[in-house]
Amino acid sequence: MPAGGGADESAPARVDAADVIAAARERGWSLATAESLTAGAVVARLVDVPGASAVVAGGAACYSYDAKTRVLGVDAALLERDGAVTAEVAAAMAEGAQQLYGADLAVATTGVAGPGPDARGVPEGTVHLGIARRGRPARTREVRLSGGRARIRALAVQAALDELAAELGVRREA
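All values reported here derive from a predicted model rather than from experimental measurement.

Participant: Hey, could you run me through the layout of surface pockets in this one?
Facilitator: Its boundaries defined by the atoms lining it, the largest pocket holds a volume of some 330 Å³. Lining the largest pocket we find 22 residues, and of these Ser-36, Val-85, Gly-111, Val-112 and Asp-118 sit closest to its centre. Elements with a contribution of two residues or more to the lining of the largest pocket: helix H3 (65–72) and strand S4 (105–111). Looking at the lining of the largest pocket, its residues break down into 11 nonpolar, 6 polar and 5 charged.

Participant: It is not clear to me how the environment of Ala-24 should be interpreted in this structure. Could you clarify?
Facilitator: Positionally, Ala-24 belongs in helix H1 (residues 17–27). Residues Ala-24 and Ala-52 lie 28 residues apart in sequence; the distance between their C-alpha atoms is 9.4 Å.

Participant: Just checking my understanding: could you explain the pairing of strand S6 (residues 139–144) for this structure?
Facilitator: A regular strand places its side chains so that they alternate between the two faces of the sheet. Relative to S6, strand S5 (residues 126–133) runs antiparallel, the two being bridged by 6 bridges. What sits directly across from His-128, in S6, is Glu-142. Where S5 folds back on S6, the antiparallel hairpin that results is connected by 5 residues, among which Gly-135 adopts a positive phi of roughly 85°.

Participant: What's the story with the environment of Ala-52 in this structure? I'm lost.
Facilitator: Here Ala-52 shows up in the loop between helix H2 (41–47) and strand S3 (56–61). Judged by its relative accessible area of 2%, Ala-52 falls in the buried class. When the C-alpha atoms of Ala-52 and Ser-30 are compared, they prove to be 9.8 Å apart, with 22 residues separating the residues in sequence. Ignoring anything within four residues of it in the chain, the contact list for Ala-52 reads Ile-21, Arg-25, Leu-46 and Val-47.

Reading the values: rules and limits
- Residues numbered from 1 in each chain as written.
- Predicted model: local features only at pLDDT ≥ 70, side-chain atom pairs only at ≥ 80, totals over all residues.
- Heavy atoms only, no water.
- 1 Å grid on protein atoms, 1.4 Å probe; cavity = no way out; pocket = protein on both sides within 12 Å on 5 of 7 lines; lining within 4 Å.
- Points joined across faces, edges and corners; volume = space filled by probe spheres on them.
- Helix = DSSP H or I, 4+ residues; strand = E, 2+ residues; numbered from the N terminus.
- Nonpolar A, V, L, I, M, F, W, Y, C, P; charged D, E, K, R; others polar.
- Pairing = 2+ DSSP bridges.
- Buried < 20%, exposed > 50% of the residue type's maximum accessible area, 1.4 Å probe, protein only.
- Contact = heavy atoms within 4.5 Å.

Following this line, the structure appears as C-alpha cells:
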C-alpha cells in the first residue's frame, strides 16, 4: 500500500463533487465511502449533486472501532494494536466499503480533527485516505492539515473528493 505525501492545504479546491459524479457516470462506475473523521460528509457532498443516485451506492460512517469491524470488516486486532489513524486502517476501510456496497471505487477517511492529539498521541490534522478500486490493490495517502476541527474536516472531505477524481481521471483546474 504505497502512501503519498502531504497535501498543500492552501491550494484552492480544484475538483468538486459534480466532477466526480459526472466522471463516474461516464465510466459506468459506482462509488462508496467509509468515513470516520468526516462522519458521512463525503457521501453527503456526493449526493448533493443531482443525478448522484445513478452512481453512489452508499456510505458508511463508522466512528467506533466496533463499527469499523462489524460494518467494514476492519481487523479488530489491528485497531486495538495500532489505533484507527493509520494507512492500513484507511485501506481496510476503503476495501470494506467497496465490498459492502459492491462498488467499483471507494474512498475512506480516518484521522484526528482535534482539538489536540488523539489518545495515542497522533497529532491533530493527521489524516489517512484509503482508495479501493475494483481489480487493483488499495492505496493510501496521508495528509497533514491545520486550522481547527471544522477546517480539518472540510479539507479532509476535499482531499477525499480529489482522490476519487484522480482515480476517475478527472482533470483538475489550475
